[in-house]
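Chains, contacts and geometry: an overview
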Amino acid sequence: MTLPPFERFYDEHREEIYAFLVRRLGRDRAEDAFQETFLRALRAYSKLRHGEHLRAWAYTIASRIAIDEHRRPRADAELPELSTLDGRPAFAQLEHLADELPPTERAAVVLRYGYDLDYGEIGAALGSNATAARQAASAGIRRLRRKEGQ
Amino acid sequence: MNPVSPELDRRFRDAAAREHLLDVAYDLVDTPVGTLFVAATERGLCRIAYDAEPERELDGLARAFGLRVLRSIAPIDPARRQLDEYFEGKRQRFDLAVDLALQADFNRRVLRELARVPYGEVVTYGELAARSARPRAARAVGTVMNRNPLPIVLPCHRVIGSNGKLVGYGGGLHRKEALLRLEGALL
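This is a predicted model, so every value here is computed, not measured. The residue numbers shown here count from 1 along each chain, following its written sequence. Each chain is given a letter, starting from A, and each ligand a number, starting from 1, according to the order in which they appear as written. Given that this is a predicted model, residues contribute local features only at a pLDDT of at least 70 and side-chain atom pairs are listed and counted only at 80 or more, while totals for whole chains, interfaces and linings are drawn from all residues. Water and hydrogen atoms were dropped before computing side-chain values, which therefore reflect all heavy atoms in the structure.

**Description of the packing of aromatic side chains**
Operational definition: Two rings from Phe, Tyr or Trp (for Trp, the six-membered ring) form a pair when their centres sit within 6.5 Å of each other. Planes less than 30 degrees apart are called stacked, planes more than 60 degrees apart edge-to-face, and all others tilted. Secondary structure elements follow DSSP: runs of H or I of four or more residues count as helices, runs of E of two or more count as strands, with numbering from the N terminus. Three labels apply to residues, based on accessible area from a 1.4 Å probe with only protein chains included: buried if under 20% of the type maximum, exposed if over 50%, partly exposed otherwise in between. Charge-over-ring contacts are defined here by two conditions on Lys NZ or Arg CZ: a distance within 6 Å of the ring centre and an angle within 35 degrees of the ring normal.
All told, the structure shown has 18 aromatic pairs over all chains when counted by the stated rule. The interplanar angle of 20 degrees and the centroid separation of 5.0 Å between the aromatic rings of Tyr26 of chain B and Phe37 of chain B together place this pair among those described as stacked. Of this pair, Tyr26 of chain B sits in strand S1 (residues 24-31) while Phe37 of chain B is found in strand S2 (residues 34-40), placing the two residues 11 residues apart along the sequence. Judged on exposure class, the residue Tyr26 of chain B and its partner Phe37 of chain B are both buried. Summarising the aromatic geometry, the rings of Tyr86 of chain B and Phe87 of chain B are spaced 5.1 Å apart at their centres and angled 80 degrees between planes, so their arrangement reads as edge-to-face. One aromatic cluster is present, formed by Phe6, Phe9, Tyr10, Tyr18, Phe34, Phe38, Tyr45 and Trp57 of chain A together with Phe12 of chain B through successive ring pairs. The ring of Tyr119 of chain A has Arg112 of chain A sitting right over it, with the charged end atom 5.4 Å from the ring centre. Positioned above the aromatic ring of Phe106 of chain B is the side chain of Arg134 of chain B, whose terminal nitrogen or guanidinium carbon lies 4.6 Å from the ring centre.

See below:
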């Protein structure tokens, strides 16, 4: 699948990415995060090799930026809590582990356990549905467990 | 559901251009001869199209100049302003950088010569061929005019047949006539 001109990518994903950021950060902080998400996407866009998983890619960038925003102290906003184990954010603990998974499983695992998206959101990000997202995440986890057991 | 506000959308599009992240910026410009699709790289204006199908234009620009094609108002503002002035009869020369990097040598030479044809005057295809150092290439010059990437700014409407007929125009003869009338070259 070839990459579309950036305008089309932006046009297709901006509303859902913005809605996602509003859910994560509240409307005020979502605006800056929205701009930063698509500027970052623009910086990386010509380095992409194909047009698959663009939606998941957009969600991954938005999630990272939401995490960064979340870390920045601001007294005026109510923040959703993100689960952490040892002080590092969950996505940072997961990302390198998941690196060797096939792309869809990797995206599902990272978005579920790293960014705490629900399966409906992950399904939307991957262009499938909640059931497929749940299956991809469990397949990824099984694969990681097998690898750990080796 | 909170939709992306027009202000936020505009803010992102402005920032993308300001940070030099675009291969091509484009916008639509309303004129008396119809809505124009106008695009520019960082080097200059690269495309003006009548009756554009934006999707097709985007694909073409992405293939030619790079994938980072985005609608953005600010980079097109100088062209919009000068086109407005031209159609109000207040401007006779365009002062805009143009990007002809992707044109073949011959086409570029002809388009450069074309840019020198003054407001309100006409030349024949043969004359323009002669000025481009290829006196027998009137027909090839016709093809270059037909594929002119920057109509109006590069004034292919000022090129006519040796019999004085308007001959043809990529945007339709009625537009060629309207532009020449605006410039006082036709009564």
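**Remarks on the pattern of salt bridges**
All names here are of chain B. Keep this limit in mind: Any Lys or Arg side-chain nitrogen found within 4 Å of a carboxyl oxygen on Asp or Glu counts as a salt bridge.
Applying the stated criterion across every chain, the model contains 32 salt bridges over all chains. Between Asp14 and Arg10 there is a salt bridge, and its shortest N-O distance comes to 3.1 Å. On the criterion of helical spacing, the pair formed by Asp14 and Arg10 is a turn pair, its members being four residues apart in helix H1 (residues 6-18).

**As for the domain arrangement of chain A**
Residues and elements named next belong to chain A. Operational definition: Segment limits for the domains were obtained from an automatic or database-derived domain assignment. Should any heavy atoms of two residues lie within 4.5 Å, those residues are counted as being in contact. Two parts lose some accessible area (1.4 Å probe) when they are put together, and adding that loss for both gives the buried area. Any pair of N or O atoms that falls within 3.5 Å is considered a polar contact. Within protein, one atom must be able to donate a hydrogen and the other to accept it, and sequence-neighbouring residues count only if both atoms are side-chain atoms.
Split by domain assignment, chain A resolves into domain 1 (1-72) and domain 2 (87-150). Computed over C-alpha atoms only, the centres of domain 1 and domain 2 are separated by 18 Å. The interface is formed by 13 residues belonging to domain 1 together with 15 residues belonging to domain 2. Both faces considered, domain 1 and domain 2 share a buried interface measuring about 1200 Å² in area, 57% of it formed by carbon and sulfur atoms. Counting across the interface, domain 1 meets domain 2 through one salt bridge. Measuring nitrogen to oxygen at the nearest pair gives 2.6 Å for the salt bridge that ties Arg23 to Glu121. Put simply, domain 1 and domain 2 have one residue pair in polar contact (both at pLDDT 80 or more) between them. At the level of secondary structure, the elements contributing two or more residues to the side of domain 1 that touches domain 2 comprise helix H1 (6-25) and helix H3 (54-71).

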